[in-house]
Amino acid sequence: AVNRRKGKSITLWILRGLAAVAFLGAGGAKLAGAAPMVAMFARLGLGQWFRYVTGLIEVVGAIGVLIPRFSRYAALVLVAVMVGAIVSHLTVLGGTPPIPLFLIVGAIAWLSSDSE
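Read on for an overview of the structure. All values derive from a computational prediction rather than experimental measurement.

Bringing the overall build of the chain into the picture now. Across its full length, the chain carries five helices and zero strands. Reading the secondary structure of the chain in the N-to-C direction produces α-α-α-α-α. Along the first, second and third principal axes, the C-alpha set of the chain runs to 50 × 25 × 15 Å. Counting across all 116 residues of the chain, residues that qualify as buried make up 35%. For the chain, long-range pairs separated by at least 24 residues make up 61% of all intrachain contacts whose partners lie at least 6 apart in sequence. Counting every atom, the chain has about 6700 Å² of accessible surface; 73% of that belongs to carbon and sulfur.

Structure below.
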């Protein structure tokens, strides 16, 4: 039981680290106005304000997954963001939908517990 708990904890921290790096990068690029992000949100037709909102949610979520107390909630918010991103890729943007990120934050939400 102790080894299982330790393994779960290690797995969670690896997933949290991956998610934090990915979402800090993606959210930071959106907030910084990186040309590919500006172009992507222009193609979506929702306005650049939505790029800022999405970027902010991603950066806050990236920080949140690193805080065990908030990890599950941050991961659930990022799951919702990834659902939107996947739908956007499938319906408007084309290309490869970000399913790996969806799976990572889904696993964090599923494996996280308040008692960690």
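Its boundaries defined by the atoms lining it, the largest pocket holds a volume of some 380 Å³. Going through the elements one at a time, α1 (2-32), α2 (35-44), α3 (48-65) and α4 (68-93) are the ones with two or more residues in the lining of the largest pocket. A per-element tally of the lining of the largest pocket places α4 first, with eight residues. Here the residues of the lining of the largest pocket sort into 16 nonpolar, four polar and two charged.

What follows covers a nonpolar patch on the surface. A cluster of nonpolar side chains, W13, L24, I63, L66, I67, F70, Y73 and L76, forms an exposed patch at the surface whose accessible area comes to about 740 Å². Of all the elements, α4 adds the most residues to the nonpolar patch, at three residues. Within the element layout of this structure, F70 appears in helix α4. Judged by its relative accessible area of 44%, F70 falls in the partly exposed class.

Bringing the nonpolar core into the picture now. Of all hydrophobic cores here, the largest spans 19 residues; its most connected members are A19, F23, V65, M82, V105 and I108. If you list the elements that add at least two residues to this core, you get α1, α3, α4 and α5 (99-111). If you tally residues by element for this core, the top one is α4, at seven residues. With near-sequence residues (within four places) excluded, F23 lies in contact with G28, E58, V59, A62, L78, M82, L101 and V105.

The subject of this paragraph is the pattern of salt bridges. Under the criterion given, the structure shown has one salt bridge. With a shortest N-O distance of 3.0 Å, K30 and E58 are connected by a salt bridge. On the criterion of sequence distance, the pair formed by K30 in helix α1 and E58 in helix α3 is long-range, its members being 28 residues apart. The pair formed by K30 and E58 is uniform in burial state, with each residue classed as buried.

On to the packing of α4 against α5, then. Interhelical geometry of α4 versus α5 gives an angle of 155° and a closest axis separation of 8 Å. The pairing of α4 with α5 is recorded here as roughly antiparallel in orientation. Handedness of the crossing formed by α4 with α5: left-handed. On α5, the residues touching S71, R72, A75, L76, L78, V79, M82, V83 and I86 of α4 are I99, L101, F102, V105, G106, I108, A109 and W110.

Definitions and limits used
- Residues numbered from 1 in each chain as written.
- Predicted model: local features only at pLDDT ≥ 70, side-chain atom pairs only at ≥ 80, totals over all residues.
- Heavy atoms only, no water.
- Helix = DSSP H or I, 4+ residues; strand = E, 2+ residues; numbered from the N terminus.
- Buried < 20%, exposed > 50% of the residue type's maximum accessible area, 1.4 Å probe, protein only.
- Contact = heavy atoms within 4.5 Å.
- Areas by Shrake-Rupley, 256 points an atom, 1.4 Å probe, with all protein chains shown as cover.
- 1 Å grid on protein atoms, 1.4 Å probe; cavity = no way out; pocket = protein on both sides within 12 Å on 5 of 7 lines; lining within 4 Å.
- Points joined across faces, edges and corners; volume = space filled by probe spheres on them.
- Nonpolar A, V, L, I, M, F, W, Y, C, P; charged D, E, K, R; others polar.
- Patch = residues over 30% accessible without salt bridge, like charges linked within 9 Å, V, L, I, M, F, W, Y side chains within 5 Å.
- Salt bridge = Lys/Arg side-chain N within 4 Å of Asp/Glu carboxyl O.
- Core = buried A, V, L, I, M, F, W, Y, C linked by side-chain atoms within 4.5 Å.
- Axes fitted to C-alpha atoms, helices over the stretch in contact; angles between N-to-C directions.
- Parallel < 35°, antiparallel > 145°, perpendicular 65-115°, else oblique.
- Left-handed = near helix turned anticlockwise from the far one by under 90°.

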